[in-house]
Every structure is written in structure tokens, then in C-alpha cells.
Amino acid sequence: ASPACLDNKGDRLSAAKLEKEKWEAELDAMSVTPAGQALMEPRHALRELEKAMPDNAMVSTDIGNICSVSNSYLRFKNPNSFFAAMSFGNCGYAFPCAMGAKLGAPDRPAIAYVGDGAWGMSLNEIMTCVRENIPAIAVVFNNGQWGAEKKNQVDFYGDRYVGTNIQNPSFAEVSRVMGAEGIKVDKPEEVGAALKTLIASGKPGVLEIMVSKTLADPFRRDALSKPIRHLDKYKTFV
């Protein structure tokens, strides 16, 4: 006799399929740049990257506001494909990780998702890639801010910004100066073609995507909340 769990397998698979379809529809609704807006929304950029991503790609994600959202837009069909920083919080991790992944699987595209803040910690490795012929690709989301930290300043510090608004050079241009490829885009319809061009080049490079300053939810809404003191002797401590 077959296991009892197989009796309703079809129903359970159908239910899971329906939930996935509802989630995809929700993502579609969120991944739109309003008409007339100068810079694309981060989620729109992530959706376009998803559409253009090769099936055999390896993707590493840095920490940060946009990179945390990117997890919803990554689809993999092969094992050993997704390399996230997880809970370690190691800013600047994604591109060195993509370099190592490329060395370990040279026949597969290796792509790092990096915010413009974190990219300042690892952009020098483009020179390493040029010297050592490591064709890893960095997708840099340029919104002129340390997004994760700024979101905390929005939620907990009354929009008082300290050190979170940053002015950047063109990271695509910096990459070209270092001897790698570099493409800068600011329209959703340019994203996919640019990613495919960089992968096809067989060289290290940077895809710089200019996005709006829209911030997603923080990692934890209670991260910086004032503690509740239950003992009288600690009531004066905040």
C-alpha cells in the first residue's frame, strides 16, 4: 500500500502552485516604476535582472536594504548557486564571494549583487580580477545612500541622517579605468541587455544601476526600540 501522504499529493501540489502564483502576482505589482519617475524603483531593477539571469548563474548577495529584497527575485535550478551573507552581516562580502565561485566553477556566470555603500569596500578587487583573469560581474545598485542604516534613521531617529547620504563616482567608469568592463543604466529596459552583454564579454565588469531612494522594510522593526524595564531598579535606564 502507498503511504497515506500520497493520497492528497495532487491537492497539496495544487495549493503550493496557487500560493506561488499569488506571490509572483504580488511581486509584479510591487516591481513597477511610476510613470514619469526619473529613476527606476529598486524592485523594478531586480525584476529585470531576474528575467535576464542565466539558468546556470551563481549569485552572491551583500548585506543592505536592496540586497535583502533581492532574495525574493532570485530563482535557481541548480545546486551551489546562491551565496548570501546570511546573518553574519559581513558588508563587502558579495564580490569576493563571486570571485571564488567563478574560480570554483569557471563555466558558470558569477554575479554579485552589491549596494553602493558596500561596493566601496570591495571595488578594488576589480583590479584583482583584471590581473588574474577572473570574469566575475558586480551589479551595483547606486542610490546614493547606506540604505539599511538610513532605514533605521527613518524609523527610529526622526529622519536625522548621519553618514548615510553618500556621493558616488560612476562605478562603471571606475571599472573601465581599472581595465574591466563597465555599463551604467538608468532605465528598466536597459538592465537585462546590459547584464547579458557583460556576461558575454568574458571579462570582469560592473553593471551600475541607477535606482531611486525607495527603502524597503528594515531587517527588524524592533531593532532599535527602547527596552521595556520590568524591575523598578532599572526603570531609569533607557
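For the structure itself, look to the data block above.
Residues numbered from 1 in each chain as written. Predicted model: local features only at pLDDT ≥ 70, side-chain atom pairs only at ≥ 80, totals over all residues. Heavy atoms only, no water.

Undergrad: Could you clarify how one ought to interpret a nonpolar patch on the surface in this entry?
TA: There is a patch of nonpolar side chains on the surface, built from Leu 231, Tyr 234 and Phe 237 and spanning about 310 Å² of accessible area. As for its position among the elements, Phe 237 is in the segment after strand S6 (205-210). Residue classification places Phe 237 among the partly exposed positions, given a relative accessible area of 48%. (Patch = residues over 30% accessible without salt bridge, like charges linked within 9 Å, V, L, I, M, F, W, Y side chains within 5 Å. Areas by Shrake-Rupley, 256 points an atom, 1.4 Å probe, with all protein chains shown as cover. Salt bridge = Lys/Arg side-chain N within 4 Å of Asp/Glu carboxyl O. Helix = DSSP H or I, 4+ residues; strand = E, 2+ residues; numbered from the N terminus. Buried < 20%, exposed > 50% of the residue type's maximum accessible area, 1.4 Å probe, protein only.)

Undergrad: What's the story with the side chain of Ser 31 in this structure? I'm lost.
TA: Its location among the elements puts Ser 31 in the loop between helix H1 (9-30) and helix H2 (42-52). Among the polar contacts listed, one links the side chain of Ser 31 to the side chain of Tyr 73, at a separation of 2.7 Å. (Polar contact = N/O pair within 3.5 Å; in protein donor to acceptor, adjacent residues only side chain to side chain.)

Undergrad: Would you mind going over the side chain of Asn 142 with me for this structure?
TA: You can see Asn 142 is positioned in strand S4 (residues 137-142). Since its relative accessible area comes to 7%, Asn 142 is described here as buried. Beyond its immediate sequence surroundings of up to four residues, Asn 142 is in contact with Asp 116, Asn 168, Pro 169, Phe 171, Glu 208, Ile 209, Met 210 and Val 211. (Contact = heavy atoms within 4.5 Å.)

Undergrad: Any chance you could explain the pairing of strand S5 (residues 181-185) here in plain terms?
TA: The side chains of a regular strand alternate between the sheet's two faces. Examined bridge by bridge, S5 and S6 share 5 bridges and lie parallel to one another. Across the sheet, the residue bridging to Ile 183 is Leu 207, located in S6. (Pairing = 2+ DSSP bridges.)

Undergrad: How do you make sense of the nonpolar core when you look at a structure like this?
TA: Soluble, globular proteins show a tendency: their nonpolar side chains are buried together. Counting 27 residues, the largest nonpolar core has Leu 49, Tyr 113, Val 139, Phe 141, Leu 207 and Ile 209 as the members making the most contacts within it. For this core, the elements supplying multiple residues, two or more each, are H2, helix H3 (65-70), strand S3 (110-115), S4, helix H9 (188-201) and S6. Apart from the residues lying within four places of it in its own chain, the contact partners of Leu 49 are Tyr 113, Val 139, Phe 141, Val 191, Leu 195, Leu 207 and Ile 209. Counting 21 residues, the second-largest nonpolar core is a separate cluster that includes Phe 95, Ala 98, Ile 134 and Ala 180. (Core = buried A, V, L, I, M, F, W, Y, C linked by side-chain atoms within 4.5 Å.)

Undergrad: Would you take a moment to explain the sheet that holds S3 for this structure?
TA: Within a sheet, adjacent strands bond to each other through the backbone by hydrogen bonds, running parallel or antiparallel. Spatially, 6 strands are ordered S2-S1-S3-S4-S6-S5 in an open sheet, and the strand pairing comes out parallel. A strand with exactly one partner marks an edge of an open sheet, and here the two such strands are strand S2 (82-84) and S5. Strand-to-strand, the axes of this sheet are offset by a mean angle of 15°, without reference to chain direction. Taken together, the 5 bridges between S3 and S4 define a ladder with parallel strand orientation. Following the sheet pairing, Ala 112 is matched in S4 by Ala 138. H2 contacts S3, S4 and S6 of the sheet and is inclined by roughly 160° relative to S4. (Axes fitted to C-alpha atoms, helices over the stretch in contact; angles between N-to-C directions.)

Undergrad: Looking at this structure, I do not really get the layout of surface pockets. What am I missing?
TA: To locate leftover empty space, one rolls a probe as large as a water molecule over the atoms. In this structure, the second largest pocket spans a volume of roughly 160 Å³. Lining the second largest pocket are 11 residues, and of these Asp 62, Ile 63, Ser 68, Asn 71 and Met 86 sit closest to its centre. (1 Å grid on protein atoms, 1.4 Å probe; cavity = no way out; pocket = protein on both sides within 12 Å on 5 of 7 lines; lining within 4 Å. Points joined across faces, edges and corners; volume = space filled by probe spheres on them.)

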